[in-house]
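Structural overview for review
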Amino acid sequence: DVKVTQSSRYLVKRTGEKVFLECVQDMDHENMFWYRQDPGLGLRLIYFSYDVKMKEKGDIPEGYSVSREKKERFSLILESASTNQTSMYLCASRFSGRGGEQFFGPGTRLTVL
Amino acid sequence: SQKIEQNSEALNIQEGKTATLTCNYTNYSPAYLQWYRQDPGRGPVFLLLIRENEKEKRKERLKVTFDTTLKQSLFHITASQPADSATYLCAPGNSNSGYALNFGKGTSLLVTP
């Protein structure tokens, strides 16, 4: 079974802190994604990576950066956390080639105080 | 701009009945459409993919239709059970949308005994 894991299920941080969210997949997928999900707004794409060291901005990249140094790991970085970044963060991965299903991690619920 | 619309109102049905969820899209020419299930506090899970040249796809009690003229997909759950209660997301994709999927906001389904 494909497994996508995220480093924390729940995280509480203070405004201005630098926050790292880690995602690891064990199926050798080329593509990896970071979404955030908020009530009434659905899933919104922050960044994605189609291969190691490659990254593309999604719909809402402001305030975030990403890192993909190894194929299995995709990190989301909040450079200076703000309260409006309180959200559920979901990582996903899939094989390259459009049309493939995306496998999601369990999510990290981040609260910024 | 591209838009994906799913009923924002929750769908409440009685156990044993057929649930029908709708996904409409505009400014898209999807080559395929995916459906996902999401339980509270968890990541979405892939259910079905239907391609533009397929009118209908079935998997156990699930049936998906895809009408590219109406720009609509219908998702049916027959003989629904309380365990089917969840939020269902649709995600149209095409070769021009790059590597990332965009998702509808989802429709919440509640099946009561």
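Our structure is the block above this text.
One structure accompanies this document, and this report is about it. Not measured: the values here are computed from a predicted model. (Residues numbered from 1 in each chain as written. Chains lettered and ligands numbered in written order. Predicted model: local features only at pLDDT ≥ 70, side-chain atom pairs only at ≥ 80, totals over all residues. Heavy atoms only, no water.)

A few words on the interface of chain B and chain A. The partner chain A presents 25 residues to the 19 residues of chain B that form the contact. Roughly 1,800 Å² of surface becomes buried between chain B and chain A when both sides are summed, with 54% attributable to carbon and sulfur atoms. The interface formed by chain B and chain A includes zero salt bridges. Summed over the shared surface of chain B and chain A, the number is six residue pairs in polar contact (both at pLDDT 80 or more). Elements with a contribution of two residues or more to the side of chain B that touches chain A: β4 (32-38) and β5 (45-51) of chain B. Among the elements that take part in the side of chain B that touches chain A, β4 of chain B stands out by supplying four residues, more than any other. Taken together, the residues of the side of chain B that touches chain A break down into ten nonpolar, seven polar and two charged. (Contact = heavy atoms within 4.5 Å. Buried area = accessible area lost by both parts, 1.4 Å probe. Salt bridge = Lys/Arg side-chain N within 4 Å of Asp/Glu carboxyl O. Polar contact = N/O pair within 3.5 Å; in protein donor to acceptor, adjacent residues only side chain to side chain. Helix = DSSP H or I, 4+ residues; strand = E, 2+ residues; numbered from the N terminus. Nonpolar A, V, L, I, M, F, W, Y, C, P; charged D, E, K, R; others polar.)

Further remarks concern the nonpolar core. Residues and elements named next belong to chain B. In this structure, Leu 33, Trp 35, Phe 75, Ile 77, Tyr 88 and Leu 109 are the most contacted members of the largest nonpolar core, which totals 22 residues. When contributions to this core are tallied by element, the ones reaching two or more residues are β3 (19-26), β4, β5, β7 (62-67), β8 (72-77), β9 (86-93) and β10 (107-112). At four residues, the largest contribution of residues to this core is made by β3. Filtering out sequence-adjacent residues up to four positions away, Leu 109 remains in contact with Leu 11, Ile 13, Ala 19, Ile 77, Asp 84, Ser 85, Ala 86 and Tyr 88. (Core = buried A, V, L, I, M, F, W, Y, C linked by side-chain atoms within 4.5 Å. Buried < 20%, exposed > 50% of the residue type's maximum accessible area, 1.4 Å probe, protein only.)

We now examine the sheet that holds strand β3 (residues 19-25) of chain A. Residues and elements named next belong to chain A. Taken together, the four strands give an open sheet; going across it, the order is β1-β3-β8-β7, and neighbouring strands pair in antiparallel fashion. Each end of this open sheet is capped by a strand with a single partner; those strands are β1 (4-6) and β7 (64-70). Averaged over all pairs of adjacent strands, the angle between strand axes in this sheet comes to 20 degrees, irrespective of strand direction. Bridging between β3 and strand β8 (residues 73-78) involves six bridges; their strand directions are antiparallel. If you follow Val 19 over to β8, its bridge partner there is Leu 78. (Pairing = 2+ DSSP bridges. Axes fitted to C-alpha atoms, helices over the stretch in contact; angles between N-to-C directions.)

All names here are of chain A. For Asp 28, which is not a glycine, the phi torsion comes out positive at approximately 65 degrees. Mapped onto the secondary structure, Asp 28 falls in the loop between β3 and β4 (31-38). Notably, Lys 53 is not glycine yet its phi reads approximately 65 degrees, a positive angle. Relative to the helices and strands, Lys 53 is located in the loop between β5 (42-49) and β6 (56-57). When its relative accessible area of 56% is taken as the criterion, Lys 53 is described as exposed.

Glancing now at the state of the cysteines. Scanning the model with the defined rule gives two disulfides over all chains in all. In this model, Cys 23 of chain A is linked to Cys 91 of chain A through a disulfide, with the two sulfur atoms separated by 1.8 Å. Every disulfide takes its handedness from the sign of the S-S torsion; for Cys 23 of chain A and Cys 91 of chain A that torsion is -75 degrees, giving left-handed. You can see Cys 23 of chain A sitting in strand β3 and its partner Cys 91 of chain A sitting in strand β9 (residues 87-94), a full 68 residues away along the chain. The pair Cys 23 of chain A / Cys 91 of chain A is uniform in exposure class, with both members buried. For Cys 23 of chain B, the disulfide goes to Cys 90 of chain B, at an S-S distance of 2.0 Å. In this structure the cystine formed by Cys 23 of chain B and Cys 90 of chain B twists about its S-S bond by roughly 65 degrees; its chirality is therefore right-handed. (Disulfide = S-S within 2.5 Å.)

To continue, consider the packing of aromatic side chains. Taken as a whole, this structure holds twelve aromatic pairs over all chains when the rule is applied. Taking 6.3 Å as the distance between ring centres and 65 degrees as the angle between the ring planes, the aromatic pair formed by Tyr 25 of chain B and Phe 66 of chain B counts as edge-to-face. Residue Tyr 25 of chain B is located in strand β3, and its partner Phe 66 of chain B is located in strand β7; the two are separated by 41 residues in the primary sequence. The burial state of Tyr 25 of chain B is the same as that of Phe 66 of chain B; both residues are buried. An aromatic cluster of at least three residues, connected via ring pairs, comprises Phe 33, Tyr 35, Phe 48 and Phe 104 of chain A together with Tyr 36, Phe 46 and Phe 103 of chain B. (Phe/Tyr/Trp six-rings, centres within 6.5 Å; stacked < 30°, edge-to-face > 60°.)

All quantities given are derived from atomic positions and should not be read as evidence of function.
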